[in-house]
Amino acid sequence: MTSGQFSKPVFKNYVSRVLCSNQCRVHRCNLTVKTQSRKPLTILLFVLITLLLTVLPLNAQDASPEFRFVVPTTADYAEQIETIIARALPTFTPENPGEVLVLDALVDEMFWRYINDGEMSYTHLLAVTRAFSSVTFGARYDNHHRLLPALFERWLAENHIDLSASIFLTFDGFTLDVQKLGDTDAFVLYVRETPFFEMSVSEDAIGSINGERYIAIEIAPGKYRVPDLPFWASDEDSQAGDFNTDGQLDVGYEFRLPLNNDDTAWVYYVGTWNGDNFEFVFGVHGYMRPQEFDPAMSWKFLNLDGDAEVELIQTQRYYDSLSCNFIRMKFYDWQQGGGLSLENEEDSFPNSFACLLRQGEQNAWDGHYDLAIGYYERALTLSEEAGDDLPYLQMRLGLAYLIEGRDQEAQSIFTNLADLENEERYNWPQDIRAAYARNPDFLAVCQAAYSQSRAIRVPERIEGTIADYTGAVSDLRSYSLWPRFEYISCDFNTLLNKTLEQMTFTTEETPVAQLEALGLVLSEPVTVDFDGDGKDEWLVWVESPDIDPLLFVPNQEASYAVSSVTFAGGRKLNYAYPGLRLPADENRYWVTILPDGKPGLVNVEYNRYTTEAYLCAQQCESDPNNECETSMTTEAADIGIWRMKDGQMSIIFHAPSCENVALADLFPNGEGTHELMAAQVIDTGSIEYEIRPATYRWDESQGTFTVYPQPTPTPTPTVTPTPTASPTGQPTPEQSVDVNSLPTYSDIGLAFSDGDFIKVLEMLNTALNDTSSYYDSALLPGFHYYRALTLEILDRPDEALLDYIAVYRDYPDTAWALMARLHLSE
């Protein structure tokens, strides 16, 4: 059960928890498998016995009377440890992990059979622990971590040491510092020196025995327990006390482990003493750069809410994408049934420009402009720290003034809006100043700020949300391809919609004139009688990124009904259909007559980040003449046809194209004809797609263009039925087995460590009966050995004997055979 193969079970006192100790004594006498001399049997009886023996773990010939079951003495077991390990080491490789599991089985069995009952002396434990020092892979350290507490406990018991009167202990090459845990009857044993080979971090990224800390608990005057902790405890930051008021000792520990040159992992554990062992009740972890590990991080148990239980407070330094460095406090409280959970967190900010800007931004995004103004004004007094952030701060403060109706203060801000220090960048403040001079209304200035968002903010903060990072100060920034413009400037889209809801647009003036009276900057509109009622509808774009166009439909009241043209469609591949985005070089619009004689709006949008663009580039590269247009290698055209229905614009056709499209290219036979030339994406039936030229024809019944001729349906593959289980319930040779349902070695080990031996036996039987070849054959002797040990614990020694014999006979060249031989007597 080695690292990477199996999570090491921390063996607890299973005998005291699961079995009566007197019963266990009975298990340890010599037991013999009794046999009788054969007598003549009837054929029927012979058949019955044969059937019976087939369900046993071994055949009758394996249950030979030459072996008896014995319990090895402590001395015999300890003497064979070095031989067993020496047999395991040469045969271990990462591809053949079975032998390393011997080490886990040795320790598991020693704890159950000898250590938990105090039958293994300090001398024997020292010999065993020393033998494990020859191991150079992960299980060595795991098992030392289990054996050393038992070793220290045994030494303390045999030498009658009073830890309260000790500062350090030295014996047999060990040097341990002794530190009392607060006012408790517990002590920290800090391992300063050991007599064993030390493994460097570079060899296995695990660490060494030196520097480990163990907890010794005084359970009676001069008598100590040194439990195998369910958590690491190698750093000095520890606290102890009865924090959850259950009358038992609670201990909190921080552990740090360098993983590589870039990361250090930290974990904070809380364990509680249950009178027999420590139980893990809480843990939280994180990562930091080793060279920048946060010196401000700390953990304290403090009573903050007045109840008897003592809460846990974590203090840690954070930094964010605005260069604000601050302290975050997290408060954990005890829950019913035990354990701690996060209840609250609070940030403590210094009076720095970056942190004042952060707090102003957070309040403005939440709509608390009055609070945002206070932070922005305080940040403005620290303008010497601002750099290019100064005009951004002024713009945000001026907008907050406008929305709060503080027009005079807004005028002072916008007329004195600073320019950027870096003149090479686009100087957006001049456009904001010009917009304010043209119309000092909030809507007009907000549009100007929103439209300049790409230039205003900063690639490093462009998402509009503040990214927090743990650790020391760093230049790390948050990057995003898709900015949140409403956070960078103002929520122009929401403001625009609210303004339009409060207005009535009369047909006496054009929609464009009425929108421009609000101070808005518009793009070229589209006007056409889409519904054939003799009155033109207007499609108007407000010239700002990611704002849906407005559709003005005249009604009977000599006014316009106004709506946004938003399309929430989907597509077969990875991207959504395009909406009617702002007209520009990459977005073109034409009004055309459709085959039913009614007008439609054709839009062609070029995009180099779609699946179609990738397929177009592939097609171009595979062209033997390589005469395709340059644009095909980088972008594709999305073609959409829109028309009005029930007062709303909706898309009726969508197709890709790998060419630079003009209206005449789409309708080579002229507008209003029934054929349209574009392309289509073909599912080839594998993981690949292709894009091919296609002809579409008008379908009168559907009111759209459909591909012609219709593609041949992809044949459905024939599925061979899965064979059903045989009447015996065992899988047939052809039947597939769901390997996800099979227990792993880790599952078995964890159940063993929890003392759930009935479950362990069920899982071992499942593993040994598996016919799917899921398990490495190197694991099979370990399965048999653990089943033998489990059967022995469950007071079924006759069956255990059969598995010990199987291991000894079937795997004679393994370390498992040497272990099994300890339980057999001829």
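For every chain, the first residue of its written sequence is number 1, and the numbers climb from 1 along that sequence. Residues qualify for local features only when their pLDDT is at least 70, as the model is predicted, and side-chain atom pairs are given and counted only at 80 or more; totals for whole chains, interfaces and linings, by contrast, use all residues. Values shown for side chains rest on all heavy atoms present in the structure; no hydrogens or waters enter the calculation.

## Comments concerning the pattern of salt bridges
Working step 1: A pairing counts as a salt bridge when a side-chain nitrogen of Lys or Arg comes within 4 Å of a carboxyl oxygen of Asp or Glu. Scanning the model with the defined rule gives 23 salt bridges in all.
Working step 2: The closest approach of N and O atoms between Arg317 and Asp294, which form a salt bridge, is 3.6 Å. Placement of the pair is Arg317 in strand β12 (residues 311-320) and Asp294 in the loop between β10 (278-288) and β11 (298-302), with a sequence separation of 23 residues.
Working step 3: Whether a residue is buried, partly exposed or exposed follows from its accessible area with a 1.4 Å probe, protein chains only, as a fraction of its type maximum: under 20%, in between, or over 50%, in that order. Residue Arg317 is classed as partly exposed on the basis of its relative accessible area, which comes to 22%.
Working step 4: The salt bridge involving Glu345 is made with Arg328; its shortest N-O contact spans 3.8 Å. The helix and strand labels rest on DSSP assignments: H or I over at least four residues marks a helix, E over at least two residues marks a strand, and numbering proceeds from the N terminus.

## Some details on the state of the cysteines
Working step 1: In what follows, a disulfide is any cysteine sulfur pair within 2.5 Å. Going through the model one piece at a time under the given rule, you end up with 3 disulfides.
Working step 2: Residue Cys324 pairs covalently with Cys355 via a disulfide, S to S 1.9 Å. Negative torsions about the S-S bond denote left-handed disulfides, and the value of about 100° found for Cys324 with Cys355 makes this one right-handed. Taken together, the residues span a long stretch of sequence, with Cys324 in the loop between β12 and β13 (325-334) and Cys355 in helix α9 (residues 353-365) at a distance of 31 residues.

## Looking at the confidence of the model for the protein
Working step 1: Mean pLDDT over the protein stands at 79; residues scoring 70 or higher make up 77%.
Working step 2: Per-residue confidence from the predictor is reported as pLDDT, a score between 0 and 100. When pLDDT is averaged over each helix and strand of the protein, the minimum, 26, is found for helix α1 (residues 14-18) and the maximum, 97, for helix α10 (residues 369-380).
Working step 3: What makes two residues a contact is simply this: any of their non-hydrogen atoms within 4.5 Å. For the stretch residues 713-735, pLDDT sits under 50, and the model shows 13 contacts to residues farther than four places along the chain or on other chains.

## Describing the pairing of strand β3 (residues 174-180)
Working step 1: The element β3 is largely enclosed, with a buried count of 5 among its 7 residues.
Working step 2: Whether two strands pair comes down to DSSP finding at least two bridges between them. Here strand β2 (residues 168-171) runs beside β3; their pairing, made up of 4 bridges, is antiparallel. The partner of Phe171 across the bridge, within β3, is Phe174.
Working step 3: Between β2 and β3, which pair antiparallel and follow one another directly, the connecting turn spans 2 residues, one of which, Asp172, has a positive phi of 50°.
Working step 4: As paired elements, β3 and strand β4 (residues 186-193) share 6 bridges and run antiparallel to each other. Along β4, the bridge assignment pairs Val178 with Leu189.

## A closer look at the packing of α9 against helix α11 (residues 389-403)
Working step 1: Simply put, an axis is a line fit to the C-alpha atoms, just over the touching stretch for a helix, and the angle between two N-to-C directions goes from 0 to 180 degrees. Two elements in contact, α9 and α11, have axes whose closest approach is 12 Å; the angle formed by their N-to-C orientations is 30°. When you trace α9 past α11, the crossing you get is left-handed. Here Phe353, Leu357, Glu361, Ala364 and Trp365 of α9 come into contact with α11, specifically with Asp389, Tyr392, Leu393 and Arg396. Take the far helix as your reference; a near helix turned counterclockwise from it by less than a right angle gives a left-handed crossing, and one turned clockwise gives a right-handed crossing.

## Quick look at the side chain of Glu792
Working step 1: Position of Glu792 among the secondary structure elements: in helix α23 (residues 780-793).
Working step 2: Two N or O atoms form a polar contact when they lie within 3.5 Å of each other; inside protein one atom must be a possible hydrogen donor and the other a possible acceptor, and for residues adjacent in sequence the pair counts only when both atoms belong to side chains. One polar contact links Glu792 to Arg113, side chain to side chain, over a distance of 2.6 Å.

## Quick word on helix α12 (residues 407-415)
Working step 1: For α12, the full list of buried residues reads Ala410, Ile413 and Phe414. One face of α12 carries all of its buried residues, which in axial projection span an arc of 90°.
Working step 2: Those residues of α12 that are buried are in contact with α10, α11, α13 (429-438) and α14 (442-451). Taking the helix axis as origin, the arc is that swept by the directions to the C-beta atoms.

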